[in-house]
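# Architecture at a glance
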Amino acid sequence: MTQARPSRSPRTAAGSAAPSRGRRIQVRRSGVHGKGVFAVAPIRCGERIIEYKGEVITWAEALRRHPHDPTDPHHTFYFHIDDGHVIDAKYGGNAARWINHACNPNCEADEVDGRVFIKALRDIAPGEELFYDYGLVIDERYTPKLKKQYECRCGAPNCRRTMLAPKR
């Protein structure tokens, strides 16, 4: 079972509130993987873009529900909050569930009091796809087969070729 967790993200008050000047993001087909989320207006560094929403459930319930799609068992909308809870964006989720992974992301996930916010790591121009580092954590040994199951397609020069967080 994978656990998506905020990647190198401090547990502090989330970045500045988003301005209320209309829509700033849009879901559409991604060149990296499936659907993606794109800026349709400029987004400033440090700006809170969207909250990752969905049903908050226990990990036991997440394991019971897994997989969301038996034909693609490694694709889920789970976001790890803590050892006991996960957000399941398949139920009650929003556009944030379509933000793809990248090894050189322009966003980060910031958990604040059980809520997860996506905020910009740098200025983002209209037309750019939003990415954060999923930093997936799996307890089992990282074999070549497992890494392939969680293959990264970001194409960054520093791509680690997997969405799995490095083992320390």
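What comes next concerns the included structure. (Residues numbered from 1 in each chain as written. Predicted model: local features only at pLDDT ≥ 70, side-chain atom pairs only at ≥ 80, totals over all residues. Heavy atoms only, no water.)

Moving on: the sheet that holds strand E4 (residues 55-58). On the basis of which strands lie adjacent, the open sheet formed by 3 strands has the order E4-E6-E5 and antiparallel pairing. Of all the strands in the sheet, the pair left with one neighbour each is E4 and strand E5 (78-82). On average, each strand axis in the sheet is inclined to that of its neighbour by 35°, with strand direction left out of account. (Pairing = 2+ DSSP bridges. Helix = DSSP H or I, 4+ residues; strand = E, 2+ residues; numbered from the N terminus. Axes fitted to C-alpha atoms, helices over the stretch in contact; angles between N-to-C directions.)

Bringing the nonpolar core into the picture now. With 39 residues, the main nonpolar core has Ile-43, Ile-49, Tyr-52, Ile-99, Ile-124, Leu-130 and Tyr-132 as its most contacted residues. Those elements that provide at least two residues to this core are strand E2 (35-39), strand E3 (48-52), E5, strand E8 (107-112), strand E9 (115-120) and strand E10 (131-132). Residues within four places of Tyr-132 in sequence aside, it is in contact with Tyr-52, Phe-79, Ile-99, Asn-100, His-101, Ala-102, Pro-105, Cys-107, Glu-108, Ala-109 and Ile-118. Core analysis: the next-biggest nonpolar cluster, separate from the first, contains 5 residues, Ile-57, Trp-59, Ala-62 and Tyr-78 among them. (Core = buried A, V, L, I, M, F, W, Y, C linked by side-chain atoms within 4.5 Å. Buried < 20%, exposed > 50% of the residue type's maximum accessible area, 1.4 Å probe, protein only. Contact = heavy atoms within 4.5 Å.)

As a further point, take the pattern of salt bridges. Scanning the entire structure with this criterion turns up 13 salt bridges. For the salt bridge of Lys-119 with Asp-110, the shortest nitrogen-to-oxygen distance reads 3.8 Å. The class of Lys-119 is buried, set by a relative accessible area of 13%. With a closest N to O distance of 3.3 Å, Lys-148 and Glu-151 form a salt bridge. Residue classification places Lys-148 among the exposed positions, given a relative accessible area of 52%. Connected via shared salt-bridge partners are Glu-55, Glu-61, Arg-64, Arg-65 and Asp-88. (Salt bridge = Lys/Arg side-chain N within 4 Å of Asp/Glu carboxyl O.)

The computed volume of the largest pocket comes to approximately 580 Å³. Every residue lining the largest pocket is counted, 31 residues in all, and those nearest its centre are His-33, His-74, His-75, Tyr-134 and Met-163. Where the lining of the largest pocket is concerned, the elements lending two or more residues are E5, strand E7 (100-101) and helix H2 (144-149). Looking at side-chain class alone, the lining of the largest pocket contains 15 nonpolar, 10 polar and 6 charged residues. (1 Å grid on protein atoms, 1.4 Å probe; cavity = no way out; pocket = protein on both sides within 12 Å on 5 of 7 lines; lining within 4 Å. Points joined across faces, edges and corners; volume = space filled by probe spheres on them. Nonpolar A, V, L, I, M, F, W, Y, C, P; charged D, E, K, R; others polar.)

Here we come to unusual backbone geometry. Residues His-66 and Pro-67 are joined by a peptide bond in cis, for which omega reads -5°. Relative to the elements of secondary structure, Pro-67 occurs in the loop between helix H1 (59-65) and E5. The phi torsion at Asp-113 lies on the positive side, around 50°, for a residue other than glycine. Topologically, Asp-113 is positioned in the loop between E8 and E9. Look at Asp-113 and you get exposed, because its relative accessible area is 77%.

The subject of this paragraph is the pairing of E8. Regular strands show a simple pattern: their side chains alternate between the two faces of the sheet. Counting buried residues in E8 gives 6 out of 6 residues, a clear majority hidden from the surface. Across the two faces of E8 the burial is the same, with Cys-107, Ala-109 and Glu-111 and Glu-108, Asp-110 and Val-112 all buried. With antiparallel pairing between neighbouring strands as the criterion, E8 and E9 make up a hairpin whose turn holds 2 residues, including Asp-113 at a positive phi of roughly 50°.

It is worth spelling out the environment of Ala-62 at this point. Position of Ala-62 among the secondary structure elements: in helix H1. Taking the C-alpha atoms as reference, Ala-62 lies 7.8 Å from Tyr-78; in sequence the two are 16 residues apart.

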